[in-house]
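Structure assessment
The lines below spell out each chain.
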Amino acid sequence: MRIELTTEPGDPARPNEDYASVGLPASGQGGSLVVLDGVTPPATDDGCLHSVPWFTARLGGALAELSASRRDMTLRDALAAAIVRTADAHRSTCDLSHPRTPQATVVLARWDAARVEYLVLSDSVLLTEAPDGTVRALLDDRLDRLPRAGLVSAEVADATVRNKEGGFFTAAADPTVVDRAVTGTLARTEVRALAAMTDGVTRWVEKFREGDWADLFTLVRKEGAEATVARVRALEDADAQDRTYLRRSKTHDDASLVYVEL
Ligand SMILES: [Zn+2]
């Protein structure tokens, strides 16, 4: 088994708002991974006394625990329980009904000898590779279907389309959002390797158009997680002036990547 995990802040002067983990329960029967991308509020008013890293650390920690220890729960159930647990931690001090209450995109995957389960909410992505090399992209394309497609990410999209019908959905304080997640189960025999990543990495495909998902998967497998993020950073630096590809996006975004060969 090969596992690589990397996470890098977009700006070294600001805290990284992503969360990434891999859990391998002692039973040896499988494991799980969690990748979150905390949504940066544009203004300081989000009704919360805490920070986005505070939120992603709690939500991610709860997901890591529940996805590995509670195999009786579906990934949807685990996400709902983690959202409630995190909300309970600041319900008494913060306004959790604020549209910009701390929130995050989510990728979860869990595997055992028989199957691979997945859950994707908002614009982080899970790629799986079959034994024959076929790469499958498991994604929630709700954000791409909004007006101004291609120009926005979960981070900069307007509050008017955030966690509202016809808009896009992130994990915030409302556990019913789990019904909006893209979920499924693959036979373990269909999956040789997995790669989960935040949009700080997927911009290699989605903004810079260096290749398709299969090309990105090959890059990760051959060069590794850290080198893949370095490639993205080089593309960002080259485009920082002209902004041909980046347009209104941040030059550098927090970038996290978990790669698992089963
Ligand atoms: Zn708070």
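Attention here is on the structure that accompanies the text. These numbers were taken from a predicted model, which means no experiment stands behind them.

The sheet built from five strands is open, its strands ordered S2-S3-S4-S5-S8 with antiparallel pairing. Each of the sheet's edge strands pairs with one partner strand only, and the pair in question is strand S2 (18-23) and strand S8 (182-187). For this sheet, the mean inter-axis angle between neighbouring strands, taken without regard to orientation, is 5°. With six bridges joining them, strand S4 (residues 104-111) and strand S5 (residues 115-121) adopt antiparallel strand pairing.

By the definition in use, this model includes 17 salt bridges. With a closest N to O distance of 3.3 Å, Arg2 and Glu261 form a salt bridge. Taken together, the residues Arg2 in strand S1 (residues 2-8) and Glu261 in strand S10 (residues 255-261) connect sequence positions 259 residues apart. When its relative accessible area of 25% is taken as the criterion, Arg2 is described as partly exposed.

In ideal tetrahedral geometry, four donors around a metal make angles of 109.5 degrees, whereas ideal octahedral geometry with six donors gives angles of 90 or 180 degrees. Protein-derived ligands of the zinc ion are Cys48 (SG), His50 (ND1), His90 (ND1) and Cys94 (SG), with the metal-ligand distances lying across 2.1 to 2.4 Å. Considering all four donor atoms around the zinc ion, angles at the metal cover 102 to 118° and the coordination shape is tetrahedral. Read in sequence order, the donor residues for the zinc ion give the motif C-x1-H-x39-H-x3-C. On the criterion of sequence distance, the pair formed by His50 in the loop between strand S3 (31-38) and helix H1 (52-69) and Cys94 in the loop between helix H2 (75-88) and S4 is long-range, its members being 44 residues apart. In this structure His50 comes out as partly exposed when scored by relative accessible area, which is 25%.

Take the sheet that holds S1 next. Taken in spatial order, the five strands make up an open sheet running S1-S10-S9-S6-S7, and their pairing is antiparallel. Only two strands of the sheet have a single partner each, and these edge strands are S1 and strand S7 (135-138). With direction set aside, neighbouring strand axes in the sheet form an average angle of 10°. Sheet analysis places S1 next to S10, joined by seven bridges and oriented antiparallel. Note on S10: the bridge partner recorded for Leu5 is Val258.

Okay, the packing of aromatic side chains next. A full pass over the atoms with the stated rule returns two aromatic pairs. For the ring pair Phe208 and Tyr245, a centre distance of 5.8 Å and an interplane angle of 55° mean the geometry is tilted. Remark: Tyr245 occurs in the loop between helix H5 (225-239) and S10 and Phe208 occurs in the loop between helix H3 (199-206) and helix H4 (213-223); sequence separation between them is 37 residues. Taking the relative accessible area as the measure of exposure, Phe208 reaches 3% and is therefore buried. Residue class for Tyr245 comes out partly exposed when judged on its relative accessible area of 40%.

Here we come to a nonpolar patch on the surface. On the surface, Met1, Ile3 and Leu24 cluster together into a nonpolar patch covering about 290 Å² of accessible area. Tracing the backbone through its elements, the reader meets Leu24 in the loop between S2 and S3.

Let us now look at the nonpolar core. Core analysis: the largest hydrophobic core is formed by 26 residues, its most contacted members being Leu36, Leu59, Leu63, Leu79, Val106 and Leu121. If you list the elements that add at least two residues to this core, you get S3, H1, H2, S4 and S5. The contacts of Leu36, once residues within four sequence positions are left out, are Glu17, Asp18, Tyr19, Thr56, Leu59, Gly60, Leu63, Ala104, Thr105, Val106 and Thr198. One finds Trp204, Val205, Leu246 and Tyr259 within the second-largest nonpolar core, a separate group that totals 22 residues.

Let us look at the environment of Leu235. Its place among the elements puts Leu235 in helix H5. Residues Leu235 and Trp204, 31 residues apart in the sequence, show an inter-C-alpha distance of 8.1 Å. The residues contacting Leu235, other than those within four sequence positions of it, are Trp204, Phe208 and Glu210.

So, how was this worked out
Residues numbered from 1 in each chain as written. Predicted model: local features only at pLDDT ≥ 70, side-chain atom pairs only at ≥ 80, totals over all residues. Heavy atoms only, no water. Pairing = 2+ DSSP bridges. Helix = DSSP H or I, 4+ residues; strand = E, 2+ residues; numbered from the N terminus. Axes fitted to C-alpha atoms, helices over the stretch in contact; angles between N-to-C directions. Salt bridge = Lys/Arg side-chain N within 4 Å of Asp/Glu carboxyl O. Buried < 20%, exposed > 50% of the residue type's maximum accessible area, 1.4 Å probe, protein only. Donors = N, O, S within 2.8 Å, 3.2 Å for Na, K, Ca; no water. Tetrahedral: all angles 85-135°; square planar, octahedral: opposite > 155°, others 65-115°. Phe/Tyr/Trp six-rings, centres within 6.5 Å; stacked < 30°, edge-to-face > 60°. Patch = residues over 30% accessible without salt bridge, like charges linked within 9 Å, V, L, I, M, F, W, Y side chains within 5 Å. Areas by Shrake-Rupley, 256 points an atom, 1.4 Å probe, with all protein chains shown as cover. Core = buried A, V, L, I, M, F, W, Y, C linked by side-chain atoms within 4.5 Å. Contact = heavy atoms within 4.5 Å.

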